Amino acid sequence: MTAASPSPGPRYDLPEPDAFTRPYWDAAAEGHLLLRRCGGCGRAHHYPREFCPFCWSEDVAWERASGRATLYTWSVVHRNDLPPFGGRVPYVAAVVDLAEGPRMMTRIVECEESALAIGMELRVTFEREEGREAVAVFRP
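Going along each chain's sequence as written, the residues are numbered from 1 onward. Only residues with pLDDT of at least 70 get local features here, since the model is predicted, and only at 80 or more are side-chain atom pairs given and counted; chain-wide, interface and lining totals rely on the full set of residues. Side-chain figures throughout are based on the complete set of non-hydrogen atoms in the structure, without hydrogens or water.

Caption draft 1: Representation of the side chain of Arg-49 in the model. Its location among the elements puts Arg-49 in the loop between β2 (44-45) and β3 (60-64). Per-residue accessibility, obtained with a 1.4 Å probe over protein chains only, is compared with the maximum for each type, and a residue is labelled buried under 20%, exposed over 50%, and partly exposed between these values. For the charge count, each Lys or Arg is scored as positive and each Asp or Glu as negative, with His and the chain ends excluded. For this document, the term salt bridge refers to a Lys or Arg side-chain nitrogen within 4 Å of an Asp or Glu carboxyl oxygen. Nearest to the buried, unbridged Arg-49 among oppositely charged side chains is Glu-50, at 10 Å. Two residues form a contact once any of their heavy atoms are found within 4.5 Å. With residues near it in sequence (within four places) discarded, Arg-49 still touches Phe-20, Arg-36 and Val-60. The helix count covers DSSP runs of H or I at least four residues long, the strand count covers runs of E at least two residues long, and both are numbered beginning at the N terminus.

Caption draft 2: The packing of aromatic side chains, seen in detail. Any Phe, Tyr or Trp ring, taking Trp's six-membered ring, that has another such ring centre within 6.5 Å forms a pair; planes under 30 degrees apart are called stacked, those over 60 apart edge-to-face, and the others tilted. In the structure shown here, the tally under the stated rule is four aromatic pairs. Between Phe-51 and Trp-56, the ring centres sit 5.2 Å apart and the planes meet at 10°, which makes this aromatic pair stacked. According to the relative accessible area criterion, Trp-56 is exposed, its value standing at 60%. For a ring to carry a charge above it, either NZ of a lysine or CZ of an arginine must fall within 6 Å of the ring centroid while also lying within 35 degrees of the normal to the ring plane. We note Arg-36 situated over the ring of Trp-62; from NZ or CZ to the ring centre the distance is 4.6 Å. One cation-aromatic arrangement involves Arg-43 over Phe-54; the distance from NZ or CZ to the ring centre is 3.6 Å.

Caption draft 3: Fine view of the nonpolar core. Only buried residues count toward a nonpolar core, which is a set of Ala, Val, Leu, Ile, Met, Phe, Trp, Tyr and Cys residues joined through side-chain atoms within 4.5 Å. With 27 residues, the main nonpolar core has Leu-33, Val-96, Ile-108 and Phe-138 as its most contacted residues. Elements supplying a minimum of two residues to this core: α1 (22-29), β1 (34-38), β4 (68-77), β5 (91-98), β6 (103-108), β7 (121-127) and β8 (135-139). Excluding residues that lie within four positions of it along the chain, Val-96 makes contacts with Ala-69, Thr-70, Leu-71, Tyr-72, Pro-102, Arg-103, Met-104, Thr-106, Ile-108, Leu-122 and Phe-138.

Caption draft 4: Region of the structure containing α1. Turning to α1, its buried residues number three or more, namely Tyr-24, Trp-25, Ala-27 and Ala-28. Considered in projection along α1, the buried side chains sweep an arc of 160° and stay on one side of the axis. Looking at the buried side of α1, the elements it contacts are β1, β3, β6, β7 and β8. Gly-31, located one to two residues past α1, shows a positive phi value of around 85°. What the arc describes is the spread of directions from the helix axis to the C-beta atoms.

Caption draft 5: Main features of the environment of Arg-36. Following the sequence through the fold, Arg-36 ends up in strand β1. The spacing of Arg-36 and Ser-114 is 78 residues in sequence and 34 Å in space, taken between C-alpha atoms. In contact with Arg-36, not counting residues within four places along its chain, are Phe-20, Arg-43, Ala-44, His-45, Pro-48, Arg-49, Glu-50, Val-60, Ala-61 and Trp-62. Each polar contact in these results corresponds to two N or O atoms within 3.5 Å; when the atoms are within protein, one needs to be able to donate a hydrogen and the other to accept it, and residues that are neighboring in sequence are counted only if both atoms are side-chain atoms. Side-chain polar atoms of Arg-36 contact the backbone oxygen of Arg-49, separated by 3.2 Å.

Laid out in structure tokens, this is it:
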């Protein structure tokens, strides 16, 4: 008899799509970032909500983002005990300003720490594990 391998434990990096966010995740799987834009005040927002966080209008619709952004701030994470992040350190946690206006929390990939600079131009790309949702990350 062989010993059972330990359970991998909970994951803290997996999105939980629902009927409302399904268009966002479907677009991500195709390599597109979606935002929500308000028909009342005209402002875009991210993360997706069913109402405008600026004027509270429910007249909001999905819109494909350009995928362009600039780096607002970042931090290099050297220790994270939540699974599976510990196996990914070091990584760059960041906030980017999307070309359409909203700020977005994300990760920066394919970039040396020494090359990071506030205001640097970035493009969206997507990471996907087999059987999981694609997640937007950014690279120079």
